[in-house]
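A look at the structure
The residues making up each chain are set out below.
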Amino acid sequence: MNIRFDLPAELSASAPPEARGLSRDEVRLLVASPAGVHHTAFTGLGEHLRPGDLLVVNTSGTLPAAVDARRNGRPITVHFATPLDDGSWVVELRAPAGPLLDGRPGERLSLAGDASLTLLAPMVPGAARLWRAAVSVEVRALLAAAGRPIRYGYVPRAWPLSDYQTVFAREPGSAEMPSAARPFTPELVTRLVTDGVLFAPLLLHTGVSSPEAAEPPQAERYRVPPTTAALASWVRARGGRVIAVGTTAARALESASSGGEIRAAEGWTELVLGPDRPARVVDGIVTGLHAPEASHLSLLEAVAGAEVVQRAYEAAVAERYLWHEFGDVSLLLRRSKE
């Protein structure tokens, strides 16, 4: 089953909730499970969890991954997605209207200062959006000096990098914010812990998804620590629910599972969750709202089931929830609280 809905343009969140007079945890929360759909604020998340449930959170921090460049004398933007093991980077070339798909192997672009970037080869043969590229300088230093957060056309003005960090961010490495965790605040985390909800960290550095491209996810670097694997296994053995905070956390945790067992793991994951690979250890997911063509929807189906996701998205459109990284949030559950 494919999730079908029409997304009106005015439902794209164009600014952080703080700019709309809300705190991070005052965005709306849609809760969907086989028991039905409920509407609340994110501050009420704990009402839909129970003591012994485990929230698995991504500790990746967001990079200022967008850099101005010049291509044949014309200004464009380069999105730095992922560092590869050989020192090259995965990049996307963009104009204001969207990704540039006419790159050529050996093409050279000028970056800030005297830096340059050379396109080596498409990441996927026959596809032209993502390229492996060599950069003449150390990229992290370049991003620190000349980078800014990636943003798309539905966010018309720039916001500081701090607006793209979650409360759990510890290790910079994501090209785009792991935004499902953005509504968490220290106060809300404290309240949930006091109520008996458990937390465990993992790491997955996100690449560049591009809102215009309905593509499966690229390989991403991840790490599931031994303590997180052990705690998730313990919770499952005692009937608690393992709830991923974000599609990134779900992908990492499922990548560390085999035969329903969760083990410590790290490296690159190419796992694509969907109808052919349903979730085996994740019982629910806290997630933002995704565009109709996004591959993330298949992952949500893999976790909560197609019927739950379809009802959730129909309700989100009807109730005028806000989409994308600065928007509202959903909690999708394979099994309800009771």
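These lines cover the structure that appears in this document, whether it is placed above or below. (Residues numbered from 1 in each chain as written. Predicted model: local features only at pLDDT ≥ 70, side-chain atom pairs only at ≥ 80, totals over all residues. Heavy atoms only, no water.)

This paragraph deals with the overall build of the protein. Within the protein one finds six helices and 20 strands. Along the three orthogonal principal directions, the C-alpha set of the protein runs to about 60 × 40 × 40 Å. Sequence-distant contacts, at least 24 apart, represent 73% of the contacts inside the protein between residues at least 6 apart. Per element, the accessible surface of the protein, about 14100 Å² overall, is 53% carbon and sulfur. Across the protein, 34 positive and 37 negative side-chain charges occur, with their mean positions spaced 2 Å apart. (Helix = DSSP H or I, 4+ residues; strand = E, 2+ residues; numbered from the N terminus. Contact = heavy atoms within 4.5 Å. Areas by Shrake-Rupley, 256 points an atom, 1.4 Å probe, with all protein chains shown as cover. Lys, Arg positive; Asp, Glu negative; His and termini not counted. Charge placed at Lys NZ, Arg CZ, Asp CG, Glu CD.)

Our focus in this paragraph is the nonpolar core. Within the largest apolar cluster, 45 residues are counted, with the highest numbers of intra-cluster contacts made by Val 224, Leu 253, Ile 285, Leu 300, Tyr 313, Trp 323 and Leu 332. Contact partners of Leu 300, with chain neighbours within four places excluded, come to Thr 247, Ile 285, Thr 287, His 290, Gly 305, Val 309, Tyr 313 and Leu 332. Of all hydrophobic cores here, the second largest spans 38 residues; its members include Ala 13, Val 78, Leu 143 and Trp 159. (Core = buried A, V, L, I, M, F, W, Y, C linked by side-chain atoms within 4.5 Å. Buried < 20%, exposed > 50% of the residue type's maximum accessible area, 1.4 Å probe, protein only.)

Attention shifts here to the environment of His 205. Among the structural elements, His 205 can be located in the loop between β13 (198-204) and β14 (220-224). The buried category is assigned to His 205, whose relative accessible area is 11%. If we skip the residues at most four places from it in the chain, His 205 touches Ser 60, Glu 171, Pro 172, Gly 173, Ser 174, Glu 220 and Arg 221. In terms of polar contacts, His 205 uses its side chain to reach the side chain of Ser 60, at 2.7 Å. (Polar contact = N/O pair within 3.5 Å; in protein donor to acceptor, adjacent residues only side chain to side chain.)

Quick look at the side chain of Glu 220 now. As for its position among the elements, Glu 220 is in strand β14. A polar side-chain atom of Glu 220 sits 3.1 Å from the main-chain amide nitrogen of Gly 207. With residues near it in sequence (within four places) discarded, Glu 220 still touches Leu 204, His 205, Thr 206, Gly 207, Arg 251, Gly 267, Trp 268 and Thr 269.

Inspection of the entire model under this criterion finds ten aromatic pairs. Members of the aromatic cluster, each reached through a chain of ring pairs, are Phe 42, Phe 168, Phe 184 and Phe 199. Geometry around Tyr 321 places Arg 28 over its ring, the cationic atom sitting 4.0 Å from the centre. (Phe/Tyr/Trp six-rings, centres within 6.5 Å; stacked < 30°, edge-to-face > 60°. Lys NZ or Arg CZ within 6 Å of the ring centre and 35° of its normal.)

This brings us to the sheet that holds strand β19 (residues 284-288). Read from one edge to the other, the open sheet built from nine strands follows the order β2-β1-β20-β19-β15-β3-β13-β14-β18, with strand pairing classed as mixed. Each end of this open sheet is capped by a strand with a single partner; those strands are β2 (36-41) and β18 (265-269). With direction set aside, neighbouring strand axes in the sheet form an average angle of 20 degrees. Taken together, the six bridges between strand β1 (residues 28-33) and β2 define a ladder with antiparallel strand orientation. Across the sheet, Arg 28 pairs through a bridge with Ala 41, a residue of β2. Relative to β13, helix α3 (residues 226-237) is tilted by about 135 degrees, and along the sheet it contacts β3 (54-58), β13, β14 and β15 (242-245). (Pairing = 2+ DSSP bridges. Axes fitted to C-alpha atoms, helices over the stretch in contact; angles between N-to-C directions.)

This brings us to helix α6 (residues 306-318). Relative to the 18 Å expected for 13 residues at 1.5 Å per residue, α6 spans 18 Å between its end C-alpha atoms, a close match to the ideal helical length. Within the sequence span of α6, burial applies to Ala 306, Val 308, Val 309, Gln 310, Ala 312, Tyr 313, Ala 315 and Ala 316. Residues of α6 that are buried sit in contact with β1, β2, β19, α5 (296-304) and β20 (329-333). Of the residues trailing α6, Arg 320 is marked for its positive phi of about 65 degrees. (Expected span 1.5 Å × (residues − 1).)

Phi is mostly negative for residues that are not glycine, and the peptide bonds are mostly trans. At Asn 72, a position not held by glycine, the phi torsion is positive, near 55 degrees. As for its position among the elements, Asn 72 is in the loop between β5 (66-71) and β6 (74-83). Residue class for Asn 72 comes out exposed when judged on its relative accessible area of 64%. Not every positive phi belongs to a glycine, and Arg 320 is a case in point at roughly 65 degrees. The residue Arg 320 is located in the loop between α6 and β20 in this model.

Between α5 and α6, the least distance of the axes is 7 Å, while the angle of their chain directions is 125 degrees. The pairing of α5 with α6 is recorded here as oblique in orientation. Facing Leu 297, Leu 300, Glu 301 and Ala 304 of α5, the residues of α6 in contact are Ala 306, Val 308, Val 309 and Tyr 313. Its residues assigned to classes, the contact of α5 with α6 comprises seven nonpolar, no polar and one charged. (Parallel < 35°, antiparallel > 145°, perpendicular 65-115°, else oblique. Nonpolar A, V, L, I, M, F, W, Y, C, P; charged D, E, K, R; others polar.)

Pairing between side chains becomes possible if they bear opposite charge and their charged atoms approach one another. If you walk through the whole model with that rule in mind, you get 17 salt bridges. Between Asp 86 and Arg 132 there is a salt bridge, and its shortest N-O distance comes to 3.5 Å. Highlighted residues: Asp 86 in the loop between β6 and β7 (89-95) and Arg 132 in strand β11 (residues 130-135), separated in sequence by 46 residues. On the basis of relative accessibility, which here comes to 55%, the residue Asp 86 falls in the exposed class. Arg 104 is the salt-bridge partner of Glu 107, the closest N and O atoms lying 3.9 Å from each other. According to the relative accessible area criterion, Arg 104 is partly exposed, its value standing at 46%. When salt bridges with common partners are traced through the structure, they connect Glu 18, Arg 24, Asp 163 and Arg 182 into a single cluster. (Salt bridge = Lys/Arg side-chain N within 4 Å of Asp/Glu carboxyl O.)

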